[in-house]
Amino acid sequence: MNILVIGGGAREHALCHALSREADVSALHCAPGNAGITEVATVHPVDATDGAAVAALAAEVGAELVVVGPEAPLVAGVADAVRAAGVPVFGPSAEAARLEGSKAFAKEVMAAAGVPTARSYVCTTAEEVDEALAAFGPPFVVKDDGLAAGKGVVVTEDAAAARAHAAACERVVIEEFLDGPEVSLFAVTDGETVVPLRPAQDFKRALDGDAGPNTGGMGAYSPLPWADPKLVDEVLVTVLEPTVAEMRRRGTPFSGLLYAGLAITSRGVRVIEFNARFGDPETQVVLARLRSPLSVLLHAAATGTLADLEPLVWSEDAAVTVVVASEGYPAAPRTGDPIEGLAEIAAEDGPESYVLHAGTRRDEDGRVLSAGGRVLSVTATGADLGEARQRAYRSVERIRLAGSHYRTDIAAKAAESA
């Protein structure tokens, strides 16, 4: 199979890393890619949100499957343009991607489908914001209704900070705070059949102990030794299948990756949000544990044949990802700094530990430079979370990037409880 992956972050590097190791993948392309992806795929310059340009590139390289990674191209209708060109595509239509593109729309779908979620208000004026904040009380949860690259949510005890975030957004969803640990669960669907993957947990705050501002994600791990073994089956029946059925009923079937962000509350499982694509950094750890061919799974979803697929096979190993971020991230990340130590990790730590690039590029001399806020995702596997953590942090310590920072507590509590 000849595959084109759209995007240029660590999620897309994780997808390319997995696909490049499969015998059935005869050619692998990525657009626009990054410095790490160039090692496993042929990269092409493209505006990832330009559907016509992506469809033209798919035709040019002879792609038999296009995998759209990020949310912005999906909301912009890139998957629609590729489908219209007759190429199988993994990713929902622009209409279906509204599950992520509008939190208010997602709440509407959940209500219609009977999916358990937080009570909420959609607000467009300062008066509505004040009424909603007063109704729920602290801690306040204020979400930008539109896409915000994982950083559009503020959870705070400070009413002034909540109002300030709301004022910076055109429309916000204000909802009740959900107690309990959070879980990310991905499901692959062709609009009819829903195949859940293994759950993961990510770390949104920038600093150890869940301190500091929200980020796009500073690390993740899988499996979750503390989670109920029946969690995936429960979420499949109460959340994933009803949502896919409701989207189908509306005439806008959802095909691709449905990502449920969940809170395991004292009153049961509640949906925090939906995303319409693989999450970053959870993808890194989930794919590290998948043993079934990813190309077959994604192609089945793109062609409506998931019902014919054999059950997925998973490794019993654990996986941990630690994100190395640039100086100033998330507020004002510095870019353009050289990254060293990558060759040492490849030579001495693999294959159990490897680096997935997020915000990187190569200069004219071939050096790898930082080019974003989240720069690298160091991913490692092990017999348990403790071993995976040890391997991941051993590799992280080899990386030399001026001013960079990372959390030191990714999966620490879970490893202790395992």
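Each remark here, short or long, concerns the structure printed above.
What you are looking at is a predicted structure, and each value in this text was computed from that prediction instead of being measured.

A. Expanded view of empty space enclosed by the protein. Applying the stated criterion to the full structure yields two cavities of 30 Å³ or more. Within this model, the largest cavity holds a volume of roughly 80 Å³. If you trace the largest cavity, you find it lined by Leu99, Glu100, Lys103, Ala106, Lys107, Met110, Lys143, Glu175, Ile272, Glu273, Phe274 and Asn275. Going through the elements one at a time, helix H5 (98-101), helix H6 (103-113) and strand S17 (268-275) are the ones with two or more residues in the lining of the largest cavity. Along the lines of polarity and charge, the residues of the lining of the largest cavity split into five nonpolar, one polar and six charged.

B. Structural view of unusual backbone geometry. Put simply, Ala31 and Pro32 share a cis peptide bond, and its omega is 0 degrees. Mapped onto the elements, Pro32 comes out in strand S2 (residues 27-32). Phi at Asp210 takes a positive value of approximately 55 degrees, unusual for a residue other than glycine. Examined against the element boundaries, Asp210 turns out to sit in the loop between strand S13 (205-207) and strand S14 (211-214). Judged by relative accessible area, Asp210 falls into the partly exposed class, the value being 48%. The backbone of Ala411 sits at a positive phi, close to 65 degrees, despite the residue not being glycine. Following the sequence through the fold, Ala411 ends up in the loop between helix H13 (385-396) and helix H14 (412-417). Classification of Ala411 by relative accessible area gives buried; the value is 1%.

C. The packing of aromatic side chains, seen in detail. The full count for this structure, using the stated rule, is six aromatic pairs. On the basis of an interplanar angle of 45 degrees and a centroid distance of 5.4 Å, the ring pair of Tyr121 and Phe136 is categorised as tilted. Residue Tyr121 is located in strand S6 (residues 120-123), and its partner Phe136 is located in helix H7 (residues 126-136); the two are separated by 15 residues in the primary sequence. For Tyr121, a relative accessible area of 42% puts it in the partly exposed group. Classification of Phe136 by relative accessible area gives buried; the value is 18%. Relative to Phe278, the ring of Phe186 has its centre 5.7 Å away and its plane inclined at 85 degrees; by these criteria the two rings are edge-to-face. Of this pair, Phe186 sits in strand S10 (residues 182-189) while Phe278 sits in the loop between S17 and helix H10 (282-289), placing them 92 residues apart in sequence. Phe278 carries the same exposure label as Phe186, and that label is buried. Among the aromatic residues, those joined into a cluster by ring pairs are Phe90, Phe186, Tyr259 and Phe278. When the ring centre of Phe105 is taken as origin, the NZ or CZ atom of Arg98, which lies over that ring, is 4.1 Å away.

Rules and cut-offs
Residues numbered from 1 in each chain as written. Predicted model: local features only at pLDDT ≥ 70, side-chain atom pairs only at ≥ 80, totals over all residues. Heavy atoms only, no water. 1 Å grid on protein atoms, 1.4 Å probe; cavity = no way out; pocket = protein on both sides within 12 Å on 5 of 7 lines; lining within 4 Å. Points joined across faces, edges and corners; volume = space filled by probe spheres on them. Helix = DSSP H or I, 4+ residues; strand = E, 2+ residues; numbered from the N terminus. Nonpolar A, V, L, I, M, F, W, Y, C, P; charged D, E, K, R; others polar. Buried < 20%, exposed > 50% of the residue type's maximum accessible area, 1.4 Å probe, protein only. Phe/Tyr/Trp six-rings, centres within 6.5 Å; stacked < 30°, edge-to-face > 60°. Lys NZ or Arg CZ within 6 Å of the ring centre and 35° of its normal.

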